[in-house]
Amino acid sequence: MNNSAAPPTYKIAIQADGLYKSFEKFQALSNISFYVKKGEIFGLLGPNGAGKTTCMKIFGGILLPSSGRALIDGIDVVKNPILAKSKIGFLPEYPALFEHISGREFLTMMGKLRGMEKGLTDKRVEHFIRLLDLKEQIDYLIGTYSKGMRQKIAFSGAIIHEPDILILDEPTSGLDPRFAKILKDMIKGFIKHDKTILMSTHITTVAESLCDRVAIINNGKIASIGTIHELKVQADADDLENAFINIVGGKSWDGTTSIPQTR
Amino acid sequence: MGWYDIYSADAISTYRVLRKRIYKHPIMAIWFIILMIAFAWIVLRTYEFSMRQGEEGIFTDIEPNTLLLIIFFIFLAKSVADTTRRVAQNKALIFYLSQPIRKRNVLFGKFFSELVFNLLLFETMVGVMLLVIIISGIHIPLDLWYLGYAFILSTLGTSLGFSFSIFNALRPFSRRFIVMLAQGPFFIAVYSITMDLYQSLVHWPLFLVLITLSFASLLLLLLCQKVFLDSWTFGTSASEGVKKSVYDIFSRSPLVPARLMDERLRALVRRELAEKVRSGAIWGTVITVIAITWGTKYAIDTLADVDLLQMSTGKYVYPLLVGMGIFAVSTLEPGISSLSGIGREGKNIWILKTAPFGGSLVAKAKALSNAAISPLIVFGTALFSAYYISYYTEIKLMNYSFLEVAVFSVLAAQTMIFLFIGLGCWFGAKYPNFDESNKGNPDIMTMYIFAMSCLILGALFITAPFYLMIRQYNVLGLLAMILSLDIAALFLYFAAERGGKRLDRLEYG
């Protein structure tokens with residue numbers, strides 16, 4: 001298992017090279033290094049507060065690293081952010097959207113912000129309306145949408161320009177099983193066209209079903225990197241969930257602990 | 001959890017935000033104090049001057065009770081704005097409302113926060129003014145009755161403003177109108193009493209009436225309690241569907257010239273304008289322009305029957321009134337709107353930060369969308385005031401023609417708008433406030449520094465052309481004003497660029 005140095009035979013789409021990020025006294029990321037090969041789905045798996053979102057935000061250009069390099073297709077996101085951002089589509093964990101425009105207007109705007117032709121944007125919007133069953137709701141204000149509907153619109157906005165690299169922060173968080181399935185299928189379909197995905201999750205089954213390779217991140221540090229099989233072997237576990245617990249540390253509920261009574 | 005806990009949470013959070021801001025920007029805090037003292041000195045000197053002129057028969061129509069009414073309206077407006085964003089439209093209140101807490105306690109806790117903060121503001125203002133009086137030796141006879149009236153009216157303004165915001169969020173309009181009727185008698189009473197207040201020789205009865213009114217206004221809170229949940233629900237949810245026609249009117253208007261703009265810039269400006277119209281913010285702008293224009297007209301009317309132009313200082317008074325009107329509306333609307341532009345984005349900032357363009361495009365889009373309302377100010381406040389002075393009041397401004405006065409006013413207004421938008425874009429990107437409970441609006445310290453900086457910047461750009469005009473160098477004065485406008489446009493461009501660079505370095509989350 002080679003963890004940090006990029007082997008020369010692969011084409012590298014995303015690379016983190018000794019990333020550090022601190023917020024005043026709090027060290028959120030500490031020497032994070034990994035690479036994502038072109039055409040690969042790479043997962044950052046970790047408990048809440050491990051530093052996954054911080055890492056994703058650095059690649060999305062929302063946060064700046066304290067030190068180290070974050071490269072998108074060989075382009076440094078700090079030195080040349082505009083070019084780096086032109087290569088990606090980004091979906092945050094809780095995608096806040098403009099409340100007073102409609103879903104259609106949002107998607108059209110996202111297309112224009114990515115420099116797409118109007119005709120092509122309109123075609124892509126119609127495609128998403130059919131695919132995600134958006135129907136007449138597409139012309140309602142986003143402020144009236146449910147959480148799932150917002151996630152659909154945000155995901156469509158992230159891929160409307162067909163980026164080569166997709167960065168997804170907890171993409172299935174808060175979705176109903178039907179849409180979670182559609183999203184997983186879309187992610188799998190996306191990868192067939194030689195695209196690359198970097199995604200974070202704390203759900204081991206999602207990582208197991210989607211990711212080619214996974215980095216387990218804990219307390220801002222990489223605890224382990226490898227394919228699902230390699231991680232299971234390394235942690236001497238029969239599934240990713242137990243491998244994750246073995247690597248990160250922690251207890252399973254023994255069935256005896258009870259909540260302290262207040263009276 | 002009672003109302004006091006909710007108030008405590010607000011107080012602690014405000015204190016911590018303020019402390020963090022002071023530690024992070026200590027020079028800004030010192031600048032704030034200097035500006036505050038300077039402002040108090042200017043106000044007191046002006047008051048002393050007007051009192052002295054009053055003895056000579058000038059300014060006789062501006063009486064202390066007019067100032068009391070202004071104090072009442074300032075606290076009313078502040079309370080309306082604060083309550084709308086901190087209570088009626090604050091989605092974060094769900095954390096209180098979903099707990100087993102009486103909604104009355106939530107409402108009272110929020111009201112108490114607003115009241116305490118406003119009274120602290122009032123006391124700070126009075127304290128600074130007393131300090132300036134003691135240090136500078138300005139001669140103003142201190143009247144405790146006056147302070148007492150001001151205190152009670154600021155309380156009353158806060159209380160009525162709070163309930164107004166809660167009622168105003170209700171739908172449909174008929175329901176809103178019915179509950180608002182309950183406020184009518186209070187406004188009529190406050191207006192009637194303050195108009196007679198200072199002619200009265202015996203203060204006690206009026207003072208007691210005002211105190212009684214203040215306590216009675218608390219009864220409105222009980223009515224608020226009945227409709228609070230509905231108001232909050234309406235205030236925090238978007239309206240159904242899309243008002244498509246309005247969006248299209250704006251997106252196709254000449255305000256967004258397609259051929260002159262980058263496609264991405266146009267998309268951002270369209271979205272800003274759509275948000276302004278659909279969120280109803282545009283109506284706030286219209287109301288502010290009308291209110292300030294009316295205030296300017298009132299000030300001109302008040303002085304119209306006095307032959308000020310015969311006095312040595314008189315010739316400055318009318319242009320200054322118009323200038324102050326334009327300054328106030330340009331600061332409050334495009335200025336503050338630019339200042340809060342980035343903070344208001346809040347969590348939406350990810351959309352702009354992850355898109356492949358620099359922050360300067362975002363800053364320019366915000367500047368352009370705010371500049372789009374300049375015709376309202378230029379034609380509403382500036383041109384109307386110039387017309388009103390020249391024709392309606394039949395006062396000849398030092399033999400200037402209406403055309404000269406109108407052109408100068410319009411150019412001055414546009415200059416101020418460009419300057420304040422530029423300053424707002426830069427300040428807003430440098431000191432964004434992402435506090436959701438405040439809907440991203442800047443804190444009071446930033447707002448105050450911004451307003452004072454606008455005053456200084458506006459004076460710098462207008463003084464020289466104004467001086468030339470007043471010395472009868474009309475053509476030179478107008479040319480100087482055109483030059484100022486050009487420099488202001490350049491200032492706007494570079495300030496937006498600078499703001500954009502701050503935005504590039506801005507981190508969120």
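Refer to the structure above for everything that follows.
Residues numbered from 1 in each chain as written. Chains lettered and ligands numbered in written order. Predicted model: local features only at pLDDT ≥ 70, side-chain atom pairs only at ≥ 80, totals over all residues. Heavy atoms only, no water.

All right, on to the overall build of chain A then. A tally of helices and strands in chain A yields 9 helices and 10 strands. Relative to the globule expectation of 18 Å for 263 residues, the C-alpha radius of gyration of chain A, 19 Å, shows essentially globular dimensions. The dimensions of chain A, computed from C-alpha atoms along their principal axes, are 60 × 55 × 40 Å. Expressed as a percentage of contacts within chain A between residues at least 6 apart in sequence, the contacts between residues at least 24 apart total 66%. Roughly 12100 Å² of accessible area belongs to chain A as shown, and the carbon and sulfur atoms make up 50% of that amount. Counting 33 positive and 29 negative side-chain charges, chain A places the averaged centre of each group 3 Å from the other. (Helix = DSSP H or I, 4+ residues; strand = E, 2+ residues; numbered from the N terminus. Rg over C-alpha atoms; globule rule 2.2 N^0.38 Å. Contact = heavy atoms within 4.5 Å. Areas by Shrake-Rupley, 256 points an atom, 1.4 Å probe, with all protein chains shown as cover. Lys, Arg positive; Asp, Glu negative; His and termini not counted. Charge placed at Lys NZ, Arg CZ, Asp CG, Glu CD.)

For the rest of this paragraph, the subject is the overall build of chain B. If you tally the helices and strands in chain B, you get 20 helices and 0 strands. Here chain B, with 509 residues, has 51% of them falling under the buried criterion. Looking at chain B alone, contacts between residues at least 24 apart form 83% of all its contacts between residues at least 6 apart. When the accessible surface of chain B is split by element, carbon and sulfur atoms take 69% of a total near 24400 Å². (Buried < 20%, exposed > 50% of the residue type's maximum accessible area, 1.4 Å probe, protein only.)

This brings us to the interface of chain A and chain B. With 34 residues of chain A at the interface, the matching set in chain B holds 36 residues. Taken together, both faces of the contact between chain A and chain B bury some 3200 Å²; the carbon and sulfur share is 64%. In terms of surface lost to chain B, no three residues of chain A exceed Phe 98, His 100 and Leu 113 of chain A, which account for 22% of the buried area on that side. At the surface where chain A touches chain B, the tally comes to 4 salt bridges. A salt bridge links Lys 112 of chain A to Glu 263 of chain B; the shortest N-O distance between them is 3.7 Å. Joining chain A to chain B, the criterion identifies 9 residue pairs in polar contact (both at pLDDT 80 or more). For the side of chain A that touches chain B, the elements supplying multiple residues, two or more each, are strand E1 (12-23), helix H1 (52-60), helix H2 (81-86) and helix H3 (103-113) of chain A. Tallying contributions element by element places H3 of chain A first for the side of chain A that touches chain B, with 6 residues. In terms of residue class, the side of chain A that touches chain B is built from 18 nonpolar, 7 polar and 9 charged. (Buried area = accessible area lost by both parts, 1.4 Å probe. Salt bridge = Lys/Arg side-chain N within 4 Å of Asp/Glu carboxyl O. Polar contact = N/O pair within 3.5 Å; in protein donor to acceptor, adjacent residues only side chain to side chain. Nonpolar A, V, L, I, M, F, W, Y, C, P; charged D, E, K, R; others polar.)

Moving on: the pairing of strand E7 (residues 165-169) of chain A. Residues and elements named next belong to chain A. In terms of burial, E7 is largely enclosed, as 5 of its 5 residues are buried. Because side chains alternate across E7, one face comprises the buried residues Ile 165, Ile 167 and Asp 169, and the other comprises Leu 166 and Leu 168, equally buried. The pairing of strand E6 (residues 88-91) with E7 spans 4 bridges and is parallel. Looking at the pairing, Phe 90 lines up with Ile 167 of E7. Considered for its hand, the β-α-β crossover made up of E7, helix H6 (residues 177-192) and strand E8 (residues 196-201) is right-handed. (Pairing = 2+ DSSP bridges. Right-handed = clockwise from strand over helix to strand, strands pointing away.)

With that settled, the discussion passes to the sheet that holds strand E5 (residues 75-76) of chain A. All names here are of chain A. Read across the sheet, 4 strands follow the order E2-E1-E4-E5 without closing on themselves; strand pairing throughout is antiparallel. This sheet does not close on itself; its edge strands, each paired only once, are strand E2 (26-37) and E5. Here E1 runs beside strand E4 (residues 67-72); their pairing, made up of 5 bridges, is antiparallel. Along E4, the bridge assignment pairs Ala 16 with Ala 70. Of the strands in this sheet, E1, E2 and E4 are in contact with H1, which crosses E1 at around 120 degrees. (Axes fitted to C-alpha atoms, helices over the stretch in contact; angles between N-to-C directions.)

For the rest of this paragraph, the subject is helix H5 (residues 147-159) of chain A. All names here are of chain A. With 13 residues, H5 extends 19 Å between its outermost C-alpha atoms, agreeing within 8% with the 18 Å of an ideal straight helix rising 1.5 Å per residue. Of all the 13 residues making up H5, 12 are buried; the element is thus mostly covered by neighbouring parts of the structure. At its buried positions, H5 is contacted by E6, H3, helix H4 (118-131), E7 and H6. (Expected span 1.5 Å × (residues − 1).)

It is worth spelling out the packing of helix H19 (residues 444-470) of chain B against helix H20 (residues 474-505) of chain B at this point. Residues and elements named next belong to chain B. At their nearest, the axes of H19 and H20 sit 7 Å apart, and the two run at 165 degrees to each other. Between H19 and H20, the interaxial angle falls into the category roughly antiparallel. Note on packing geometry: the crossing formed by H19 with H20 is right-handed. On H20, the residues touching Leu 457, Phe 461, Ile 462, Pro 465, Leu 468 and Met 469 of H19 are Asn 474, Leu 476, Gly 477, Leu 478, Ala 480, Met 481, Ser 484, Ile 487, Ala 488 and Phe 491. Of the residues in the contact of H19 with H20, the class split is 13 nonpolar, 3 polar and no charged. (Parallel < 35°, antiparallel > 145°, perpendicular 65-115°, else oblique. Left-handed = near helix turned anticlockwise from the far one by under 90°.)

Residue and element names in this part refer to chain B. Mapped onto the elements, Ile 193 comes out in helix H8 (residues 184-197). Taking the C-alpha atoms as reference points, Ile 193 and Asn 65, separated by 128 residues in sequence, lie 9.2 Å from one another. Among residues more than four places away in sequence, those in contact with Ile 193 are Leu 206, Val 209, Leu 210 and Leu 213.

Our next topic: the pattern of salt bridges. Using the criterion set out here, one finds 31 salt bridges over all chains in the structure. One salt bridge in this structure joins Arg 104 of chain A and Glu 126 of chain A, with 2.9 Å as the shortest N-O distance. Linking Arg 104 of chain A in helix H3 with Glu 126 of chain A in helix H4, this pair joins segments that are 22 residues apart in sequence. Accessibility expressed as a relative area gives 26% for Arg 104 of chain A, which makes it partly exposed. Overall, Glu 126 of chain A belongs to the partly exposed group, its relative accessible area being 35%. Among the salt bridges present, the one from Lys 110 of chain B reaches Asp 10 of chain B, with a minimum N-O distance of 3.1 Å. Taken as a pair, Lys 110 of chain B in helix H5 (residues 103-136) and Asp 10 of chain B in helix H1 (residues 3-24) lie far apart in primary sequence, 100 residues in all. A single burial state applies to Lys 110 of chain B and to Asp 10 of chain B, both of which are buried.

Tallied over the full model, the rule gives 27 aromatic pairs over all chains. Among the aromatic side chains, those forming a connected cluster through ring pairs are Trp 3, Tyr 4, Tyr 7 and Phe 112 of chain B. Note that Arg 213 of chain A overlies the ring of Tyr 35 of chain A, its terminal NZ or CZ placed 4.6 Å from the centroid. Of note, Arg 271 of chain B hangs over the ring of Phe 98 of chain A, and the distance from its end group to the ring centre comes to 3.6 Å. (Phe/Tyr/Trp six-rings, centres within 6.5 Å; stacked < 30°, edge-to-face > 60°. Lys NZ or Arg CZ within 6 Å of the ring centre and 35° of its normal.)

With that out of the way, let us pick up the nonpolar core. Judged by nonpolar contacts, the single largest core of 103 residues is most densely connected at Phe 34, Phe 59, Phe 106, Ile 197 and Leu 198 of chain A. Here this core takes 7 residues from H6 of chain A, the largest share from any one element. When sequence neighbours within four positions are dropped, the list of residues in contact with Phe 59 of chain A reads Ile 14, Gln 15, Ala 16, Leu 19, Phe 34, Ala 70, Leu 71, Ile 72, Val 77, Ile 88, Ile 167 and Leu 198 of chain A. Within the second largest apolar cluster, 64 residues are counted, among which are Phe 327, Tyr 400, Phe 408 and Ile 470 of chain B. (Core = buried A, V, L, I, M, F, W, Y, C linked by side-chain atoms within 4.5 Å.)

Quick look at a nonpolar patch on the surface now. Residue and element names in this part refer to chain B. On the surface, a nonpolar cluster with roughly 590 Å² of combined accessible area is contributed by Ile 33, Ile 37, Leu 130, Leu 131, Ile 134 and Ile 135. Per element, the largest residue contribution to the nonpolar patch is 4 residues, and it comes from H5. By secondary structure assignment, the location of Ile 33 is in helix H2 (residues 26-55). A residue is classified by how much of its surface remains accessible, and Ile 33, at 49% relative accessible area, is partly exposed. (Patch = residues over 30% accessible without salt bridge, like charges linked within 9 Å, V, L, I, M, F, W, Y side chains within 5 Å.)

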